[in-house]
Amino acid sequence: MAEVKQKQIENPGCREFEANLAAYLEGDASPDVRTHAKQCPSCSFILEDLESIRAVAKDLPLDEAPSPRVWSNIRATLAAEGLFREQKPFWRRWIAAASLVPRTAPAAALAFALLLAVIMVFKGDIQRNGSRQPVLTPSAASVVPVGLSGVQTNLVRTVQDMEANYKAHESSLDPSAKQVYEAGLTSLNNSIQECLDSLQKQPHNMLVREYLMQAYAQKAEILASAMEYGSR
Amino acid sequence: MSLQKPAASAAATETQLITRAQRGDEEAFAALFEAHKRRVYSLCLRMLGNPTEAEDLTQEAFLQLFRKIATFRGESAFSTWLHRLAVNVVLMHLRKKGLNQISLDETENSQGEPIKRDYGDDDRRLVGSIDRIGLNRAISELPPGYRTVFILHDVEGYEHNEIAEIMNCSIGNSKSQLHKARLKLREWFQQHQIQFGRSSPARVAREPKEGE
Ligand SMILES: [Zn+2]
């Protein structure tokens, strides 16, 4: 193993250099330090090294971001403390947090089209296997699939609450409007059911999971729209 | 959306966000968190060296900030305010663990200690090998008191009078602690060069990596 040879400083100039170095680096010392370093390689290395450390430190990159749990904890705490006085509709918060629904309408439409396309594919697959149960009971949609993140689970629960709310008030809806909402909800419930079926067979299929969450998000949009309409 | 001077419009946006947060707009809180989370987290992580602790304290700093946001009147820049708050949160935490105190004894005793030198080896300059990755590691291995002063001064850009106030020590103390921290960092590079670099002069000449 190599060892660092260390000696006491022999040159008085070096001793003075060391004594003044800290102050020099702070910018408030005599130029003796620089002058000595010019004649003394050993001291000049020290000076260069320390200046380099200072320069690199100024320029250190930021670390990666903290994990999403930090914001979700902050959010939950602030909400519990009542700091959010101006709130977005609660269902929209979950959707935003789940980052599932693109904000702009054309993108949302595209996502929905993609969803439908995938569901068609699954449908074919499922029909070939003949294992699908076509009966969709209201409780089928109230299952929270396993393996979801906290935010996703919240979205699913939120949609369930919204649906219960909708059911409680659907009689007050204008019949023609109700028909439109029902059609949309039925189609989405079917999509959700098919995704759930697929997930039972392939629990780790992330694509199916993503489409499932998109279907929930779409459902939240429809239910929210129905509730807004109903409250007019 | 108009395209104006980015700095001015960014500041205007931040002022708007603060006003909205003061009204209790959740999205504004979220946007302020997004804008500053990296810097606060980096500070915490560097000072603590532990990602879980760093996240906990990032959370604590933002919570304290958001609870007080109604009192923010713009006397200082928002980021300065937040940053100072984060530093205090971290120091409080270190203090609880008994870690951040600057030791006065140590400061006085080691005042005259000579700097480690390697005589007779002309290639022992480190300049080329002092890079960001190494420095990050070296900082994480500094004793806590040195680490705090070094991070506050050389990384975060605080002045010694501010550090003295934050750390409750004298300005001279802050200065000598900083100098010793830098020397310790240099020793770290010396040791790692001995371990890995002595037989490969290319390493000595290597430039720090850019753009990371
Ligand atoms: Zn010298």
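Residues numbered from 1 in each chain as written. Chains lettered and ligands numbered in written order. Predicted model: local features only at pLDDT ≥ 70, side-chain atom pairs only at ≥ 80, totals over all residues. Heavy atoms only, no water.

Here's the deal with the overall build of chain B
Phase 1 of the analysis: When helices and strands are counted, chain B shows ten helices and zero strands.
Phase 2 of the analysis: When its helices and strands are written in sequence order, chain B yields α-α-α-α-α-α-α-α-α-α.
Phase 3 of the analysis: By residue count, 49% of the 212 residues in chain B fall in the buried class.
Phase 4 of the analysis: Across chain B, the fraction of contacts at a sequence separation of at least 24, relative to all contacts at a separation of at least 6, is 70%. (Helix = DSSP H or I, 4+ residues; strand = E, 2+ residues; numbered from the N terminus. Buried < 20%, exposed > 50% of the residue type's maximum accessible area, 1.4 Å probe, protein only. Contact = heavy atoms within 4.5 Å.)

Focus on the packing of helix α2 (residues 26-48) of chain B against helix α7 (residues 144-155) of chain B
Residues and elements named next belong to chain B.
Phase 1 of the analysis: Running from amino to carboxyl end, α2 crosses α7 at an angle of 145°, the nearest separation of the two axes being 9 Å. The way α2 lies across α7 gives a crossing that is right-handed. Touching Leu43, Arg46, Met47 and Leu48 of α2 are Arg147, Thr148, Ile151 and Val155, all from α7.
Phase 2 of the analysis: Here the residues of the contact of α2 with α7 sort into five nonpolar, one polar and two charged. (Axes fitted to C-alpha atoms, helices over the stretch in contact; angles between N-to-C directions. Left-handed = near helix turned anticlockwise from the far one by under 90°. Nonpolar A, V, L, I, M, F, W, Y, C, P; charged D, E, K, R; others polar.)

Considering the confidence of the model for chain B
Residues and elements named next belong to chain B.
Phase 1 of the analysis: On average, residues of chain B carry a pLDDT of 81, and 74% of them reach 70 or more.
Phase 2 of the analysis: The element-level mean pLDDT for chain B is lowest in helix α10 (residues 201-205), coming to 41, with helix α3 (residues 51-67) highest at 96.
Phase 3 of the analysis: Segment residues 1-5 is flagged for pLDDT under 50; beyond a separation of four residues in sequence, or across chains, it makes one contact in the model.
Phase 4 of the analysis: Considering only residues more than four positions removed or in separate chains, one finds that residues 197-212, a stretch of pLDDT under 50, has 25 contacts.
Phase 5 of the analysis: Overall fold confidence (pTM) sits at 0.61, and the ipTM for the predicted complex is 0.80. (pLDDT = per-residue confidence, 0-100.)

Focus on helix α6 (residues 132-140) of chain B
Phase 1 of the analysis: Taken together, the buried positions of α6(B) are occupied by B:Arg132, B:Gly134, B:Leu135, B:Ala138 and B:Ile139. The arc enclosing the buried residues of α6(B), seen along the axis, measures out at 155°, which places them on a common side. (Arc of directions from axis to C-beta.)

Here we look at the nonpolar core
Phase 1 of the analysis: Within the largest apolar cluster, 78 residues are counted, with the highest numbers of intra-cluster contacts made by A:Leu21, A:Ile74, B:Phe29, B:Phe66, B:Leu135 and B:Phe150.
Phase 2 of the analysis: Per-element tally for this core: the top contributor is α2(B), with eleven residues.
Phase 3 of the analysis: Apart from residues lying up to four places away in sequence, B:Phe150 is in contact with A:Ile53, A:Ala57, B:Ile139, B:Leu142, B:Val155, B:Leu178, B:Ala181, B:Arg182 and B:Leu185.
Phase 4 of the analysis: One finds A:Ile192, A:Tyr211, A:Ala215 and A:Leu223 within the second-largest nonpolar core, a separate group that totals 26 residues. (Core = buried A, V, L, I, M, F, W, Y, C linked by side-chain atoms within 4.5 Å.)

A few points about the coordination of the zinc ion
Residue and element names in this part refer to chain A.
Phase 1 of the analysis: Donor atoms from the polypeptide that bind the zinc ion are Cys14 (SG), His36 (NE2), Cys40 (SG) and Cys43 (SG), placed at 2.0 to 2.3 Å.
Phase 2 of the analysis: Of note is the zinc ion, whose four donor atoms meet at the metal with angles of 101 to 114° in an arrangement that counts as tetrahedral.
Phase 3 of the analysis: Take Cys40: its relative accessible area is 10%, and that puts it in the buried class. (Donors = N, O, S within 2.8 Å, 3.2 Å for Na, K, Ca; no water. Tetrahedral: all angles 85-135°; square planar, octahedral: opposite > 155°, others 65-115°.)

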